[in-house]
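As a plain string of letters, each chain reads:
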Amino acid sequence: MTADYVTLASYLARSFAAGLIGDHGGFVAAAKKKENNKNKNNNNNKNKNNNKGGGGGGKKKDDNKNKGGGKNNNNNNNNNNNNKNPTDAVFNDAFFSNVIEGTAGTAGGTAGGTASPQPPDTPIETINAPVIDPSKPLSLEDKMKLAAACLSAKELPPITNPTEMKAAVPLWNNLNTTLPLGVVQPSTTQEVSDAISCLYSNGVRAVPYSGGCSLMGMSVLPTSVTVDLSLFMNGVTLNQDSSLTVQGGATLGDIYSSTFEQSKGIYSVVGASCPALGVGQMLGGGIGSLTRMFGLACDQLLGLTMVQYDGQILKVTPTDNPDLFWASCGGGGGNFGIVSEYVIKTVNVPPSLTSFDFSVTNNVVSFMMDVQDKIAVDADPLFSKLQMTLQNTTTKTKGEKGQKENVKVALSVDVRGLYLGPEAGLAAALKDSGLASYVEPRSARSRTVNWVDFVIEQARSSNCTKANDAAGLADRKLTNFGQDVSMNSFYVLPSNPMSASGWEDLFKWKASGKDTFVEVDVLGPKSKVAAVATPDTAYAFRPALLAVQFGTAWRNEKKNDRMNLALSSAGTVGIELDRRALIASSLHRAP
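Sequence positions are assigned chain by chain, starting from 1 and proceeding in written order. Predicted model: local features are reported for residues with pLDDT of at least 70 only, side-chain atom pairs are reported and counted for 80 or more only, and whole-chain, interface and lining totals are derived from all residues. By convention in this description, side-chain values take in all heavy atoms of the structure and omit both hydrogens and water.

> Would you mind going over the overall build of the protein chain with me for this structure?
The secondary structure listing takes helices from DSSP runs of H or I that are at least 4 residues long and strands from runs of E that are at least 2 residues long, numbered from the N terminus. Counting its regular elements, the protein chain contains 17 helices and 17 strands. Here's how the labels work: a residue is buried when its accessible area is under 20% of the maximum for its type, exposed when over 50%, partly exposed in between, all with a 1.4 Å probe on protein chains only. Within the protein chain, the fraction of its 591 residues that count as buried is 56%. We call two residues contacting when some pair of their heavy atoms lies within 4.5 Å. Long-range pairs, those at least 24 residues apart, make up 76% of the contacts in the protein chain between residues at least 6 apart in sequence. Method for areas: the Shrake-Rupley scheme with a 1.4 Å probe, in which residue coverage is limited to the protein chains shown. Accessible surface for the protein chain amounts to roughly 24600 Å². Of this, 50% is attributable to carbon and sulfur atoms.

Structure (structure tokens):
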């Protein structure tokens, strides 16, 4: 399988050098459902109600407003590649070479390549016959004019006004200030295909947009057109077999809210903690509140509907395009196509769970060494979530006359978890895991919750939502707080554990600024993540003991200072962490 994947990856690296890199490492978008789809040609949504259960439908697409008149519904079932020009020479080997080297704004941005041109100041006219001087090489603006004409012919005219684009595809991270060449907002898989075909055949890159939680701004690249699934494609449907059919534009908030409402709390979904993330996070792994018991989010995938770089629509399952399915289960973070629809397993969890938290204030480095070497190894998977957050408290007191003020930094670790059982069984489970000896009673608390209550708790503590109920998780207005975020991540493997000095350096870095954060998720050999053999999926870190995220977030004007702090963080915390962070970044980004 590995050899097959190398061949597949080689093909896809060339094919998708056109730049389908989407939100938060995923290839999907977050969206509001279109209700007036009845007369559309949508082969992937036949006889399906795409309304989110319990939450009602999303916004209704206004054909007269957006498309200059009524839509021609006399579509047939011709192959979706009819608009592709087989003789097009724009995407030749030289072009792919340039893209891979970074000159066209690949996943690594434009570092090492030429600067990406900014979108034109004035909107590009979407006319049927753009005037192009045949004696001159096609400029990016010329290519966009041709693509816009093609899109308009498909009744998908792009948004090109800068103000309207910014409103259409807002981003969670204010560090991202670029705008794309244009924004296209399809409502069906066929329209996604049409959009990609128009862009590809005219040499314009396409990138998808989902929830807007893209830390690196990959969904609004200045040399590309953003394919925004967030307006019309966020449907979540609970099927009779208890699986979910999720459109590519749904956020995790949409999924959690709809699943809870449609199943009346019986079924849950394995996914990351922040509801602002797009469903595409599943393609790269996905660590969340149920991971240690049920596995990664990508382990829940049953099938995908994927639109390739040239507009071809593929069904991707363990039996249809199996190599592509294998690659999408943990290795697909923005590499293989735009996924317009997912089929996902749900899981059954007890109605009453136990949320708990406590603080460790003494011997914090020794505690983190124990977490790594013992607790991660021994913890029962009934601890489906076990997370450590490094903390520091700075106190200042006036010095004696003529002396500087006294500054004291107190280090601590906040421990938070979800136990899939009643509170009565928590004490014994903590003892068996080795955690009990670290519990400080004055800081410890536990309470009975259902799974969606815990999701809300986690999201609020991480500043991902202000919601107090399941329905509120799907409110996208609550997922854009106007903050600046820069972060990195790495895994701790049994073959290469952190030393005590490495943890000391990480605590020092955490104490270097009030806006820094370090979160450590426990995985380990007893988790369901490790139960899947590494070769069985593309996820490369099955044996990991810990997944570590660190970075900084701020809301003030000192952007340069804070950004430099975050970007230099790996080097600041010492050689060991620097090595780990750089290796992790080059191989795979922890969720």
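> Can you help me understand the packing of helix 10 (residues 364-378) against helix 13 (residues 500-510) in this one?
A pair of packed helices is captured by two measures, namely the crossing angle of their axes and the spacing between those axes. At their nearest, the axes of helix 10 and helix 13 sit 9 Å apart, and the two run at 120° to each other. Relative to helix 13, the element helix 10 lies oblique. Where helix 10 crosses over helix 13, the handedness of that crossing is right-handed. Where helix 10 approaches helix 13, its residues Val 364, Val 365, Met 368, Met 369 and Gln 372 are matched on the opposing element by Ala 500, Trp 503, Glu 504 and Phe 507. For this classification, the nonpolar set comprises Ala, Val, Leu, Ile, Met, Phe, Trp, Tyr, Cys and Pro, the charged set comprises Asp, Glu, Lys and Arg, and every other residue, Gly included, is treated as polar. Here the contact of helix 10 with helix 13 is composed, by residue class, of seven nonpolar, one polar and one charged. Whenever a helix is involved, its axis is fitted only over the stretch in contact; in every case the axis is a line through C-alpha atoms, and angles between N-to-C directions fall within 0 to 180 degrees. In this scheme, roughly parallel covers angles under 35 degrees and roughly antiparallel covers those over 145, while 65 to 115 is roughly perpendicular and the rest are oblique. The sense of a crossing depends on the near helix, which, turned anticlockwise from the far helix by less than a right angle, makes the crossing left-handed and, turned clockwise, makes it right-handed.

> Help me understand the packing of helix 4 (residues 140-153) against helix 6 (residues 189-201), please; the structure alone is not making it clear to me.
Axis separation between helix 4 and helix 6 bottoms out at 8 Å; the angle between their running directions is 155°. As the angle between them shows, helix 4 and helix 6 are arranged roughly antiparallel. Every pair of crossing elements has a handedness; the one defined by helix 4 and helix 6 is right-handed. Facing helix 4, whose interface residues are Ala 147, Cys 150 and Leu 151, helix 6 presents Ala 195, Cys 198 and Leu 199.

> Teacher, can you tell me more about the environment of Asn 176 here?
Structurally, the position occupied by Asn 176 is in the loop between helix 5 (162-168) and strand 1 (182-184). What makes Asn 176 buried here is its relative accessible area of 18%. Sequence-wise, Asn 176 and Leu 221 are 45 residues apart; in three dimensions their C-alpha atoms are separated by 9.6 Å. Excluding residues within four positions of it along the chain, Asn 176 makes contact with Leu 171, Ser 214, Leu 215, Met 216 and Gly 217. Within the structure, the side chain of Asn 176 is placed 3.4 Å from the backbone nitrogen of Gly 217, a separation counted as a polar contact. Definition of a polar contact: a pair of N or O atoms within 3.5 Å, with one able to donate and the other able to accept a hydrogen when the atoms are protein atoms, and with sequence-neighbouring residues admitted only if both atoms are side-chain atoms.

> Please clarify how the sheet that holds strand 2 (residues 205-209) should be interpreted in this entry.
Within a sheet, adjacent strands bond to each other through the backbone by hydrogen bonds, running parallel or antiparallel. Read from one edge to the other, the open sheet built from three strands follows the order 1-3-2, with strand pairing classed as parallel. Every interior strand has two partners, whereas the edge strands, strand 1 and strand 2, have only one. The average undirected angle you get between the axes of adjacent strands in this sheet is 30°. Bridging between strand 1 and strand 3 (residues 224-228) involves three bridges; their strand directions are parallel. Directly across from Val 183, in strand 3, lies its bridge partner Thr 226. At least two DSSP bridges between two strands are required for those strands to pair.

> Can you help me understand the pattern of salt bridges in this one?
Should the charged atoms of two oppositely charged side chains come close, the side chains can pair. Put simply, a salt bridge is a Lys or Arg side-chain nitrogen that is within 4 Å of an Asp or Glu carboxyl oxygen. Under the criterion given, the structure shown has seven salt bridges. In this structure, Asp 299 engages Arg 542 in a salt bridge whose closest nitrogen and oxygen atoms are separated by 2.7 Å. A residue pair is termed long-range when its members are at least 10 positions apart, and Asp 299 in the loop between helix 8 (291-294) and strand 7 (301-307) and Arg 542 in the loop between helix 14 (528-531) and strand 17 (546-554) qualify at 243 residues. In this structure Asp 299 comes out as buried when scored by relative accessible area, which is 16%.

> Explanation requested: the packing of aromatic side chains in the structure shown.
What characterises a pair of aromatic rings is the spacing of the ring centres plus the angle enclosed by the ring planes. Put simply, two rings from Phe, Tyr or Trp (the six-membered ring, in Trp's case) pair if the centres are within 6.5 Å, and we call them stacked under 30 degrees between planes, edge-to-face over 60, tilted for the rest. Here the structure, examined in full by the defined rule, presents ten aromatic pairs. Taking the centre distance of 5.9 Å and the plane angle of 75° together, the rings of Phe 260 and Trp 451 count as edge-to-face. Here Trp 451 lies in helix 12 (residues 451-461) and Phe 260 lies in helix 7 (residues 252-262), a separation of 191 residues in the sequence. Taken together, the ring pairs connect Tyr 256, Phe 260 and Trp 451 into an aromatic cluster.

> Teacher, can you tell me more about the confidence of the model for the protein chain here?
Parts of the prediction with low pLDDT should not have their coordinates interpreted in detail. Residue-level confidence of the predictor, termed pLDDT, takes values from 0 up to 100. Of the residues in the protein chain, 69% reach a pLDDT of 70 or more, and the chain-wide mean stands at 76. pLDDT under 50 marks residues 1-60. Its contacts with residues more than four places away, or in other chains, come to 212 contacts. The low-confidence segment residues 566-591, where pLDDT is below 50, has 51 contacts with residues more than four positions distant or belonging to other chains.

> How do you make sense of the sheet that holds strand 4 (residues 236-238) when you look at a structure like this?
Within the open sheet, the five strands sit side by side as 4-5-9-7-8. Their pairing is antiparallel. Both edges of this open sheet fall to strand 4 and strand 8 (313-316), since each of them pairs with a single strand only. Between one strand axis and the next, the sheet turns by 15° as a mean value, whatever way the strands run. The sheet strands contacting helix 6 are strand 7, strand 8 and strand 9 (338-344), and the helix crosses strand 7 at an angle near 45°. On top of the sheet, helix 7 reaches strand 4 and strand 5 (244-247); it is set at about 30° to strand 4, its chief contact.

> I'm lost on the environment of Val 269 in this one. Help?
Note on placement: Val 269 falls in the loop between strand 6 (267-268) and helix 8. Apart from the residues within four sequence positions on either side, Val 269 is in contact with Leu 244, Ile 255, Tyr 256, Thr 259, Leu 290 and Trp 451.

> Please explain the side chain of Gln 458 as it appears in this structure.
Looking at the element boundaries, Gln 458 is found in helix 12. For Gln 458, the side chain forms a polar contact with the side chain of Arg 416, separated by 3.4 Å. When residues no more than four places from it in sequence are discounted, the contact partners of Gln 458 are Ser 273, Lys 385, Gln 387 and Arg 416.

> Help me understand the state of the cysteines, please; the structure alone is not making it clear to me.
Covalent bonding between the sulfur atoms of two cysteines is what defines a disulfide. The disulfide definition used here is simple: a pair of cysteine sulfur atoms within 2.5 Å. Going through the model one piece at a time under the given rule, you end up with one disulfide. With no disulfide of its own, Cys 298 has Cys 329 as its nearest cysteine by sulfur position, at a separation of 5.8 Å. What makes Cys 298 buried here is its relative accessible area of 2%. Residue classification places Cys 329 among the buried residues on the basis of a relative accessible area of 5%.

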